[in-house]
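Breakdown of the fold
Read off the chains here:
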Amino acid sequence: MSSTPYGQDPDAHPAAPPDAPDRADPRGRLVAVRGEVSKAVVGQDAAVTGLVIALLSGGHVLLEGVPGVAKTLLVRALARALEVETTRIQFTPDLMPGDVTGSLVYDARSAEFSFRPGPVFTNLLLADEVNRTPPKTQAALLEAMEERQVSVDGRPRPLPDPFMVIATQNPVEYEGTYPLPEAQLDRFLLKLVLPVPERAQEVEVLSRHASGFDPRDLAGAGLGPVASGADLAAARAQVRTVGASPEVLGYIVDLVRATRSSPSVALGVSPRGATALLASARAWAWLGGRAFVTPDDVKALALPTLRHRITLRAEAEMEGVTTESVVNGVLRTVTVPR
């Protein structure tokens, strides 16, 4: 496997493990999800793989890209490839926290208040354009993402299992956006940046549309369920058996600690970031058919797992430093265990 950071170069990792097994196996079914999504989405293989890794790790994903690079279509295609319940919330400036979590509603017939669940009570939640709503409403997702529950009127209410938030956002320099707070960013397992497709890929997109492809009709495109919640639960159980040596664990800790000592960084990666990197590397190793994590697995997932957990100093940003360059610099300087 290439040591090039995954997510930086879509061609830096295989589209599927070379020894893809029979789909009767949980791993085979999760591999099949990636192929099924490609029936609707062209040129975003890295993002598709990242979503599958997050599913296996029980984490959440932040998708970032300019309008029109298939962020929403990607999530809709993933939801169709899985036999799980999905809900979409279009985040707008006037959205209230209760519109996400649900609220107490007065029933005149019984003269009592009853809880009406919000759209967050689902398996796969698409939080579309999450950075177009004010921080108060963004924060409504914090408890759901971390605790897998929401509290209304002081009472915790558990969310379904599995539960995953896939949030899309436009780059922060676009008008009408509210940057996500650090506490919320830290709860996303991965931040995946969707690039504008290359020329050949864009030609393929147009060819599909010219042949009658309708992004609103995924069934017509031949895209259907290839895995279920039971398959995902079995796959997650297998991922938890993937081992990591003390040397690999030390390597992960050295990487995150190096971000904290970088002169360009005001706030480095937290211990939660280290556990996230371990979780995503284990899922990637499992997809590759290995029962242990290698340093290359860690390097492959470092960029999408760590870049959104770093806050740069103002002067570093003015000089053109990016969180991606910080992560790549750390990967070059921290000694890799044998």
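Structure first, text after, so check above.
Residues numbered from 1 in each chain as written. Predicted model: local features only at pLDDT ≥ 70, side-chain atom pairs only at ≥ 80, totals over all residues. Heavy atoms only, no water.

**Examining the sheet that holds strand β1 (residues 61-64)**
Stated precisely, the cut-off is as follows: Pairs of strands are assigned from DSSP output, requiring at least two bridges between the strands. Helix and strand definitions here come from DSSP, where helices need a minimum of 4 consecutive H or I residues and strands a minimum of 2 consecutive E residues; each element is numbered from the N-terminal end. Axis definition: a line fit to C-alpha positions, over the contact stretch in the case of helices; interaxial angles, taken between N-to-C directions, run 0 to 180 degrees. Only heavy atoms enter the contact rule, under which two residues are in contact if any of them lie within 4.5 Å.
Read from one edge of the open sheet, 5 strands run β3-β6-β9-β1-β10, paired in parallel fashion. Strands with a single pairing partner mark the edges of an open sheet, and in this sheet they are β3 (86-90) and β10 (190-193). Neighbour to neighbour, the strand axes of the sheet diverge by 20 degrees on average, direction disregarded. Pairing of strand β6 (residues 124-128) with strand β9 (residues 164-169) involves 4 bridges; the strand directions are parallel. Paired with alanine 127 across the two strands is alanine 167, which belongs to β9. Each of β1, β9 and β10 is contacted by helix α2 (residues 45-57), which is oriented at about 165 degrees to β10, the strand it contacts most. Contacts from helix α3 (residues 71-81) reach β1, β3, β6 and β9, with the element oriented near 170 degrees to β6.

**Overview of the pattern of salt bridges**
Here is the rule we go by: Definition used for salt bridges: Asp or Glu carboxyl oxygen within 4 Å of a side-chain nitrogen of Lys or Arg. Buried residues are those whose accessible area, probed at 1.4 Å on protein chains only, stays under 20% of the maximum for their type, while exposed residues exceed 50% and partly exposed ones sit between those limits.
This structure, assessed with the given rule, holds 13 salt bridges. Note that glutamate 36 is salt-bridged to lysine 39, the shortest N-O span being 3.1 Å. You can call lysine 39 partly exposed: its relative accessible area is 36%. Ionic pairing is found between arginine 132 and glutamate 129, a salt bridge with its closest N-O pair at 3.3 Å.

**Examining a nonpolar patch on the surface**
Basically, it comes down to this: For patches, a residue must show more than 30% relative accessible area and have no salt bridge; joins then use 9 Å for like charges and 5 Å for nonpolar side chains, namely Val, Leu, Ile, Met, Phe, Trp and Tyr. Shrake-Rupley sampling with a 1.4 Å probe provides the accessible areas, and residues are treated as covered by the protein chains on show and by no other component.
Side chains of Leu104, Tyr106 and Phe113 sit close together on the surface and give an oily, nonpolar patch of about 320 Å² of accessible area. Topologically, tyrosine 106 is positioned in strand β4 (residues 102-107). Given a relative accessible area of 47%, tyrosine 106 falls into the partly exposed group.

**Things to note about helix α8 (residues 199-210)**
Heads up, the rule is: Here a helix's expected span is defined as the number of its residues, less one, multiplied by 1.5 Å.
Its 12 residues place the ends of α8 16 Å apart at the C-alpha level, agreeing with the 16 Å of an ideal helix rising 1.5 Å per residue. One or two steps after α8, the chain reaches glycine 212, where phi turns positive at roughly 105 degrees.

**A look at the pairing of strand β7 (residues 149-152)**
Covered by surrounding structure in β7 are Val150 and Val152 only, the residues Gln149 and Ser151 on the alternate face being uncovered. Once β7 ends, the chain turns through 2 residues before running back antiparallel as strand β8 (residues 155-158), passing aspartate 153 with a positive phi of about 55 degrees.

**Regarding the nonpolar core**
Filter applied, for reference: What we call a nonpolar core is a set of buried Ala, Val, Leu, Ile, Met, Phe, Trp, Tyr and Cys residues that are connected through their side-chain atoms within 4.5 Å.
Of all hydrophobic cores here, the largest spans 74 residues; its most connected members are Val33, Val37, Leu56, Leu74, Leu78 and Val298. It is helix α11 (residues 271-287) that provides the largest number of residues to this core, a total of 9 residues. Counting 24 residues, the second largest nonpolar core, distinct from the first, contains Phe121, Leu141, Met145 and Ala167.

**Concerning the side chain of lysine 191**
Spelled out, the test is: Here a polar contact means two N or O atoms within 3.5 Å. Within protein one must be a hydrogen donor candidate and the other an acceptor candidate, and residues neighboring in sequence count only if both atoms are side-chain atoms.
Here lysine 191 is to be found in strand β10. A distance of 3.3 Å separates polar atoms of two side chains, one belonging to lysine 191 and the other to glutamate 64. For lysine 191, the contacting residues outside a window of four places in its chain are Leu62, Glu64, Gln169, Pro304, Arg307 and His308.

Nothing here speaks to function; it is geometry throughout.
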